[in-house]
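Architecture and fold: a report
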Amino acid sequence: MRMLITGGTVVDTDPRVRVLPGADVLIEDGTITAVGPGLAGAAGDAEIVDAAGRIVSPGFVDTHRHVWQSVLRSVAADTTLGGYLDLVLGRLAPAFQPEDVRAANLWGALEALDAGITTVCDWSHIQTTPEHTDAALDGLRASGVRAVFGYAHPSPADDARREDEVRRVASLCSSGPVTAALAAWGPVYGSLEAAEADWRLARELGLRLSLHATGVGAVERLHEAGLLGPDVMFVHGNGFTDEAVKLVAGSGGTASVAPVVESQMGHGRPETGRFRAAGITTGLGVDTVTDAPGDLFSVMRAAFAAERLGGGSLGAAEVLRMATAEGAAALGLGDRVGSLRPGLRADVVLLDAGAVNLAPVHDPVGAVVTSAGAGNVDTVIVGGRIVKRAGRLTGVNVPAAREAALRAAERIAAASGLPAPAR
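Residues numbered from 1 in each chain as written. Predicted model: local features only at pLDDT ≥ 70, side-chain atom pairs only at ≥ 80, totals over all residues. Heavy atoms only, no water.

A few words on the sheet that holds strand 9 (residues 117–124). If you walk across this open sheet you meet the eight strands as 8-9-10-11-12-13-14-15, and the pairing is parallel. The open sheet has two edge strands with one neighbour each: strand 8 (60–65) and strand 15 (282–284). Taking each pair of neighbouring strands and ignoring which way they run, the sheet shows an average axis angle of 25°. In the packing of helix 3 (residues 98–114) onto the sheet, contacts are made with strand 8 and strand 9, and the angle to strand 9 comes to roughly 145°. Packed onto the sheet, helix 11 (residues 296–309) meets strand 8, strand 9 and strand 15 and runs at close to 80° relative to strand 8. (Pairing = 2+ DSSP bridges. Helix = DSSP H or I, 4+ residues; strand = E, 2+ residues; numbered from the N terminus. Axes fitted to C-alpha atoms, helices over the stretch in contact; angles between N-to-C directions. Contact = heavy atoms within 4.5 Å.)

Have a look at this one:
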């Protein structure tokens, strides 16, 4: 159970982003035990992963994604937020059967892994029945991804709350690579009373909370109710008042910014710069592939460009940290993943530095943030297990997963009156 990654250009992200040319990465029993030059002598009978011509990076961390929407790719490319809610949640979501959710979550998680995303926070609001929930979890587990499964009640209505299901999910995810969180509707889409009940429940169970919030009011209402804290992650946050930003920062709360979706759907200017300037730990998220790409390379570039366009000074190293170490910290996983620090789980990505869109690599950090894409991801390791090797996903029947996803997409389209997806 030993592995040595050798001969590559290592880019680490903790305690700061730095490049380590010619460093090795030694992994034992799924944990990083050493990073530095000349580790071959300590590797013993370790499996050798030749990283010559590769950039070796921590696995990427997607802090907000609706994984079940993978089979709805590009269905809402031209919509605003309101149109997305009407189409995807109002019209398409009710057509999903448990087998569709399983296929969609497997396919979406494989998409993430293929792009070097080793950890994803799945904000899952497709819990129509317990069977839907079990199917979502099964899809994630079958993929090999590390995931935070954010359980959302079947709808924002107060009478749709399912405390027994939250408890069941917490028990099902008490160990292993898939852990649980509570994806809260309130107080934005649901009532403050429901939010108060969810916060009590999550804190009783030791679950972190995540909620969508933009504009004025949500942070202030949570503050007045005494609900803010370091276990709360705000998704989006566009248009937060300066006072709201201070309240989140003062509480130790974290944030997830999805700059592609926010720019396209009309949420407002991405708030990466404001949040980080205030000291809020901030990660990046894909959000939904109904109108955005499913890789963090595109998201990093969108964050970089949006902040520069607005007059900010966000640098490439800071963007890379948001996609790795800072994203992990935003999810409460900073002691497990997000960097190559010895003692953390071995979630590692190797990028082909000789590809036509990357070579020559003058600045490995700048290359990852401004030039790389999912097609450059050569090898992906999750917890010391190789899930992608030489550009191909391993350990899963990809053609079968694709066929299941296509069947789910076709059935949902037919049930919803949409044209059949192209094959």
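Still to come is the rest of the account.
This part covers empty space enclosed by the protein. Applying the stated criterion across every chain, the model contains two cavities of 30 Å³ or more. By volume, the largest cavity is sized at about 40 Å³. Of the residues belonging to the lining of the largest cavity, the class tally is two nonpolar, four polar and three charged. One number sums up the size of the second largest cavity: a volume of about 30 Å³. Per-class residue counts for the lining of the second largest cavity are three nonpolar, three polar and two charged. (1 Å grid on protein atoms, 1.4 Å probe; cavity = no way out; pocket = protein on both sides within 12 Å on 5 of 7 lines; lining within 4 Å. Points joined across faces, edges and corners; volume = space filled by probe spheres on them. Nonpolar A, V, L, I, M, F, W, Y, C, P; charged D, E, K, R; others polar.)

Another aspect to go through is the packing of helix 4 (residues 130–143) against helix 5 (residues 163–172). As a packed pair, helix 4 and helix 5 sit with axes 11 Å apart at the nearest point and diverge in direction by 25°. Taken together, helix 4 and helix 5 sit at an angle that is classed as roughly parallel. Crossing of helix 4 over helix 5 shows right-handed handedness. Of the residues in helix 5, those in contact with Pro130, Thr133, Asp134, Leu137 and Arg141 of helix 4 are Glu165, Arg168, Val169 and Leu172. (Parallel < 35°, antiparallel > 145°, perpendicular 65-115°, else oblique. Left-handed = near helix turned anticlockwise from the far one by under 90°.)

So, on to the pattern of salt bridges. Taken as a whole, this structure holds 28 salt bridges when the rule is applied. Note that glutamate 111 is salt-bridged to arginine 65, the shortest N-O span being 3.3 Å. A residue pair is termed long-range when its members are at least 10 positions apart, and glutamate 111 in helix 3 and arginine 65 in strand 8 qualify at 46 residues. Accessibility classification places glutamate 111 together with arginine 65 in one group, the buried group. Taking the shortest distance from any N to any O, the salt bridge between aspartate 100 and arginine 411 comes out at 2.6 Å. On the criterion of sequence distance, the pair formed by aspartate 100 in helix 3 and arginine 411 in helix 15 (residues 398–416) is long-range, its members being 311 residues apart. Overall, the relative accessible area of 32% leaves arginine 411 in the partly exposed class. One network of salt bridges, in which partners are shared, links Asp62, Arg65, Arg73 and Glu111. (Salt bridge = Lys/Arg side-chain N within 4 Å of Asp/Glu carboxyl O. Buried < 20%, exposed > 50% of the residue type's maximum accessible area, 1.4 Å probe, protein only.)

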